[in-house]
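# Survey of secondary and tertiary structure
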Amino acid sequence: MKGLYLVEPVVAVYAFASFMVYPLVQQYVYRRLWQQITNTSYPELGTSSQCDTNSSNHSSQHEEVQKATSLFSMYSELFSMIPSLLVTLVLVTYSDQRGRKVTIILPLIGSLVYCTCFLVVSIFELNLYLLVAASILSSLFGGIGTILGGCFSYVADLFEDGKQKMLRMAGLDMMLGLLSGVALISTGYFINSAGFNWPFFTAAMFHLLNLVYAVFILEESRVIDSVAYGETNTHTLKKLTLGIYSLFVQGSRRRNYLLVLLIIIFCSFSFVNFGGLNLFMLYELNEPLCWNEILIGYGSALSTAVFAVSFVGVYVLSRCLSDTTIIFIGILSVFIGFVMMTFIKTTLLMFLVRIPMLLAIMPFPVMRAMMSKVVSKTEQGALFACVTAIDNLTTTMANAAFNSIYAATVTWFPGFAFLLAGGLCLIPIILLGILRFFGLENTNESESLLPEEETPETDYTPVV
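Residues numbered from 1 in each chain as written. Predicted model: local features only at pLDDT ≥ 70, side-chain atom pairs only at ≥ 80, totals over all residues. Heavy atoms only, no water.

Looking at an unreviewed UniProt entry, one finds the chain named Solute carrier family 46 member 3 and attributed to Ictalurus punctatus. In its Sequence similarities (unreviewed entry) section, the UniProt entry covering the chain states "Belongs to the major facilitator superfamily. SLC46A family." The UniProt entry for the chain carries this comment under Subcellular location (unreviewed entry): "Membrane". (UniProt positions renumbered as here; feature names shortened; annotations may be inferred.)

Structure below.
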């Protein structure tokens, strides 16, 4: 049976299963720490608020649990960061030599292991810090950065036209957002009706089905001639090691300036965006909002409307505006949202603050497409390995930094971290202005290609 060149189902199912687990973990850790710190059971209330008492003792308990949960998240992120980064660099770069599916299959195995470990801890109420060990173990198979780097490289293999790449990559971002939104809505009801065990089990089953699709149905986008590969197999390790280095050595100086500047803008914006967004759930659990799992699910799901609106934004605005203008609009959207978030005190405003951020995802597919179209086909894996690894590093650092800042400031100004995030948005805006001022975004795609890089006998790109 002929397979499919559709990587979107992989991203969709992966997003659904992963974002079902993400709020599960935060809320599970929060409740376990609540029991350990207060020596009382977690309050099970049918109302939208858990702040029914205003006593100073109750308030101090909330603050203590907030700090402990924030620090637990930081430790989990930091300990799993290095293995995940190394695996991402190796696998996504290696995919230039042996195909993209390896970057998809291994992270799915890791995610299945991750969910299974969490399920065991939840069922038997094992030590909470075993969850950190589960994160480290799953990171040895790669993580979300690995699978997304592989999927974006997969798409880059299929299309020559820069606009088609941008729209297809924006489509991947949209799938990521929409399915994660469905998962976030269902998670709140799932926890409310069935506890934590069944959601963990359901997520594990989705990862298993996704793994079956990736192994048996998804076609390889980059088929390497086995004879040609066998002749150069002794040089594979060298190519793997020097892949990212040669990415910058073989290109022109102008192209290198563009790539470096785009990577810095991409990662600085990712640092601010995801670092700030990571605190939304903790802020919602804290006073004066004190949301329950249902409201948290709705709030998180509403945030994922950003992905759909951003896809429409890229599709429409790319017809009449330059790439740098689209990126600027997206960053400005995030800046406005975080500044508003600083002063949110009511449930209604907490929902409404998502509206200014509806275009927040637009910069990512546009910058990926800009970088992809100035490198050759044989460098796509090295490019996305570099971008994904650095992005993973900055995102992990952002989560650790913003969790630490939030833990230190939650008692006197819970919105300080969001105000800081808004201020840091000025960094990618300034760098984008530099890129626009010097006209680097007009670098021609053809100047990055070297004649000897095109080797049809060892590289086959399917027509779709």
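### Considering the overall build of the chain
Regarding its fold elements, the chain presents 19 helices and 0 strands. For the chain, with 464 residues in total, the buried portion stands at 56%. (Helix = DSSP H or I, 4+ residues; strand = E, 2+ residues; numbered from the N terminus. Buried < 20%, exposed > 50% of the residue type's maximum accessible area, 1.4 Å probe, protein only.)

### Structural notes on the packing of helix α16 (residues 363–372) against helix α17 (residues 380–409)
In helix packing, the relevant descriptors are the interaxial angle and the interaxial distance, both defined with respect to the helix axes. Interaxial distance between α16 and α17 falls to 10 Å at its minimum, and their mutual angle equals 140°. Considering the angle they form, α16 stands oblique to α17. Considering only the axes of α16 and α17, their crossing is right-handed. Seen from α16, the contacting residues are R368, M371 and S372; seen from α17, they are Q380, L383, F384 and V387. (Axes fitted to C-alpha atoms, helices over the stretch in contact; angles between N-to-C directions. Parallel < 35°, antiparallel > 145°, perpendicular 65-115°, else oblique. Left-handed = near helix turned anticlockwise from the far one by under 90°. Contact = heavy atoms within 4.5 Å.)

### A short note on the pattern of salt bridges
Within the structure shown, the criterion is met by 7 salt bridges. Of the charged contacts in the structure, one is a salt bridge between E8 and R168, with a shortest N-O distance of 2.4 Å. Here R168 lies in helix α6 (residues 162–194) and E8 lies in helix α1 (residues 8–38), a separation of 160 residues in the sequence. By relative accessible area, which is 15% here, E8 ends up buried. Linking D157 and R100 is a salt bridge whose minimum nitrogen-to-oxygen distance equals 2.7 Å. Here R100 lies in the loop between α2 (56–98) and α3 (102–124) and D157 lies in helix α5 (residues 144–158), a separation of 57 residues in the sequence. (Salt bridge = Lys/Arg side-chain N within 4 Å of Asp/Glu carboxyl O.)

### Some thoughts on the confidence of the model for the chain
Of the residues in the chain, 86% have a pLDDT of 70 or more, and the chain-wide mean is 82. Confidence drops under a pLDDT of 50 for residues 445–461, and excluding neighbours within four residues, the segment shows 35 contacts in the predicted structure. (pLDDT = per-residue confidence, 0-100.)

### Side note on a nonpolar patch on the surface
Among the surface-exposed residues, W198, F201, M205, L208, V212, V215 and F216 lie close enough to one another that they form a single nonpolar patch of about 660 Å² accessible area. The residue M205 is located in helix α7 (residues 197–216) in this model. On the basis of relative accessibility, which here comes to 34%, the residue M205 falls in the partly exposed class. (Patch = residues over 30% accessible without salt bridge, like charges linked within 9 Å, V, L, I, M, F, W, Y side chains within 5 Å. Areas by Shrake-Rupley, 256 points an atom, 1.4 Å probe, with all protein chains shown as cover.)

### A look at the environment of W198
Relative to the elements of secondary structure, W198 occurs in helix α7. The class for W198 is exposed, based on a relative accessible area of 52%.

### Section: the packing of aromatic side chains
Scanning the model with the defined rule gives 20 aromatic pairs in all. On the basis of an interplanar angle of 40° and a centroid distance of 5.8 Å, the ring pair of W412 and F416 is categorised as tilted. Judged by its relative accessible area of 55%, W412 falls in the exposed class. Accessibility expressed as a relative area gives 29% for F416, which makes it partly exposed. Clustering of aromatic rings is evident, with ring pairs tying together Y28, Y114, F118, F196 and F200. (Phe/Tyr/Trp six-rings, centres within 6.5 Å; stacked < 30°, edge-to-face > 60°.)

### Remarks on the nonpolar core
Core analysis: the largest hydrophobic core is formed by 95 residues, its most contacted members being V7, I104 and M371. Take this core: its biggest share by element is 10 residues, from helix α10 (residues 253–277). Each of domain 1 (1–40 + 65–222) and domain 2 (245–439) contributes no fewer than three residues to this core. Excluding anything up to four places from it in sequence, I104 contacts V7, V10, I147, C151, A214 and L218. Ranked by size, the runner-up nonpolar core spans 25 residues in total, among them L33, V121, V132 and A204. (Core = buried A, V, L, I, M, F, W, Y, C linked by side-chain atoms within 4.5 Å. Domains from an automatic or database assignment.)

### Section: the layout of surface pockets
Counted as a void, the second largest pocket has a volume near 230 Å³. Along the wall of the second largest pocket there are 12 residues; nearest its centre are Y28, R32, Q35, E125 and F196. Within the lining of the second largest pocket, the residues separate by chemical class into 4 nonpolar, 4 polar and 4 charged. (1 Å grid on protein atoms, 1.4 Å probe; cavity = no way out; pocket = protein on both sides within 12 Å on 5 of 7 lines; lining within 4 Å. Points joined across faces, edges and corners; volume = space filled by probe spheres on them. Nonpolar A, V, L, I, M, F, W, Y, C, P; charged D, E, K, R; others polar.)

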